[in-house]
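Tertiary structure, described
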Amino acid sequence: MQIYYYEQRTEVLKRLKSRAAINDANVLKIVRSIIDDVAQRGNKALFYYTKKFDGFDIDEGNMTVTQKEIDLAYDTVKPETIEVLKKSAQNIKTFHEKQLRKSWFIEKDGAKVGQIIRPIDKVGLYVPGGKASYPSSVLMNVIPAKVAGASNISIATPADKNGNISPAILVAADIAGADVIYKIGGAQAIAALAYGTQSIEKVDKITGPGNAYVAAAKREVFGQVGIDMIAGPSEILIIADSSAKPEWLSADLLSQAEHDEAAACILITTDEEIAEKTDREVTRQLGLIKRANIAKNSIKNFGAIIIVENLDEAVSIANDIAPEHIELIVKNPYDIVDKVKAAGAIFIGQYAPEPLGDYFAGTNHVLPTNSTARFSSALSVDDFILKSSLIDYSKEAYKKVYSDVGRFANLEGLTAHERSARVRFDKLEEEK
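Described in the following lines is the structure provided in the data block. Predicted model, so just to flag it, every value in this text is computed and none were measured. (Residues numbered from 1 in each chain as written. Predicted model: local features only at pLDDT ≥ 70, side-chain atom pairs only at ≥ 80, totals over all residues. Heavy atoms only, no water.)

1. Things to note about the nonpolar core
So the rule is basically this: Think of a nonpolar core as a cluster: buried Ala, Val, Leu, Ile, Met, Phe, Trp, Tyr and Cys residues, connected wherever their side-chain atoms sit within 4.5 Å. Note on classification: 1.4 Å probe, protein chains only; a residue is buried when its accessible area is under 20% of the maximum for its type, exposed when over 50%, partly exposed between these limits. Under the DSSP-based scheme used, a helix requires at least four consecutive residues in state H or I and a strand at least two consecutive residues in state E, with every element numbered from the N terminus. Any two residues whose heavy atoms approach within 4.5 Å are treated as being in contact.
Judged by nonpolar contacts, the single largest core of 72 residues is most densely connected at V138, L139, I155, I184, I200 and I206. If you tally residues by element for this core, the top one is helix α6 (residues 135-148), at eight residues. In contact with I184, not counting residues within four places along its chain, are L46, T50, I58, Y126, A156, T157, P158, A189, A192 and I200. Of all hydrophobic cores here, the second largest spans 25 residues; its members include L16, I266, F302 and A318.

2. Brief notes about helix α2 (residues 25-41)
Keep this limit in mind: What a helix should span is 1.5 Å times the count of its residues minus one.
Under the 1.5 Å per step criterion, the end-to-end length of α2 is 24 Å for 17 residues, consistent within 8% with the ideal 24 Å. Among the residues making up α2, those that are buried are V27, L28, V31, I34, I35, D37 and V38. Of the surrounding secondary structure, the elements contacted by the buried residues of α2 are α3 (43-54), α8 (186-195) and α9 (212-221). Just beyond α2, the residue with positive phi is G42, at close to 60°.

3. Observations regarding the sheet that holds strand β2 (residues 104-108)
As a reminder, the rule being used: Strand pairing is assigned whenever DSSP detects at least two bridges linking the two strands. Only the stretch in contact is used when fitting a helix axis, every axis being a line fitted to C-alpha atoms; angles between N-to-C directions are given from 0 to 180 degrees.
Here we have three strands laid out as an open sheet, ordered β2-β3-β14, and antiparallel in their pairing. At either margin of the open sheet sits one strand with a lone partner, and together these are β2 and β14 (385-393). Strand-to-strand, the axes of this sheet are offset by a mean angle of 15°, without reference to chain direction. With five bridges joining them, β2 and strand β3 (residues 111-119) adopt antiparallel strand pairing. From the neighbouring strand, I106 faces β3, where its bridge partner is V113.

Shown next as structure tokens:
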């Protein structure tokens, strides 16, 4: 990994900001064509693209996962794996139940205002498929929606050419409480969820990760439906002092580097010896992981070690980056945690590696990337609720304020507003 000093931090920041989200004109052109086709032709277009891209000859009879397939998945997945999925699901449920909001009201002298909290009715969750299997994505998306009270939760995930879906995904979906699983993927799946087809009911919001085509499709259908976020490549930033162990730091950095060649792995340390040992250890550990080529390119393109004078400099850089994940591996992490102003998830101390949050702690691993933690947050129950304002005034309460309302409307030149505000108590002359 290339080693920098605090004075060179702008070089690192510039490289990180060069990571493009969705700017491939060809991807957008293809995605828009697919969405338009599915919106117009429904099932026919959906079946065509599924056969074209996934090799699966899909039809109305085989597009939905059956209970028999779910039962078979339970027989296929190892019992200890099922147990881990159940433990993780319970942790995620417990964490997200703490996020639940209640409707509230303020009432005084006949005037009542408040907020009514309701769940989003229909939610569509996208789960990547193909060669990869991500049951964690199922749990992280379905469970918050379930906790929020969504009445219909649909999963879209691509099947192989034989119509099979990873058994672990099916088990996770069943444990989490999904209502239906469709064997569809790609931009065509996003379009089907957004617009509906003859076999798929349209949803109100779509969440979940995917490749560039899925991300572009989510962006294109936003407005027709809600979406969670446009996720970019993963990233981790570690702040470490002399108490950190280079072997552990390297393992944590590589845990993100293996995701994607555009993933970013940054170590900021106050200890030059830690920096040098971690650099050597990363090279050694690259030979121990399966996705070494991906990780190697990630480190080459977007990896960096930055040596700083003190932890204040380290936090300053971290806040400029606003990382998806940040680990504070220092002697007294709670001395600086409040100074971290923008991060998707904060991992405290030696024994909270990033994969703990990915899989088991219960916190959500759907996090803002590409510095969007400056203005957005992890997926939560809030993403699956609606907040409606309530206004209720008695005759006596409104009589006290109606003239003020009318004056405000007049201030903005909206005479119809003013008439509406005053008509209940003033005898208004008709305009001639």
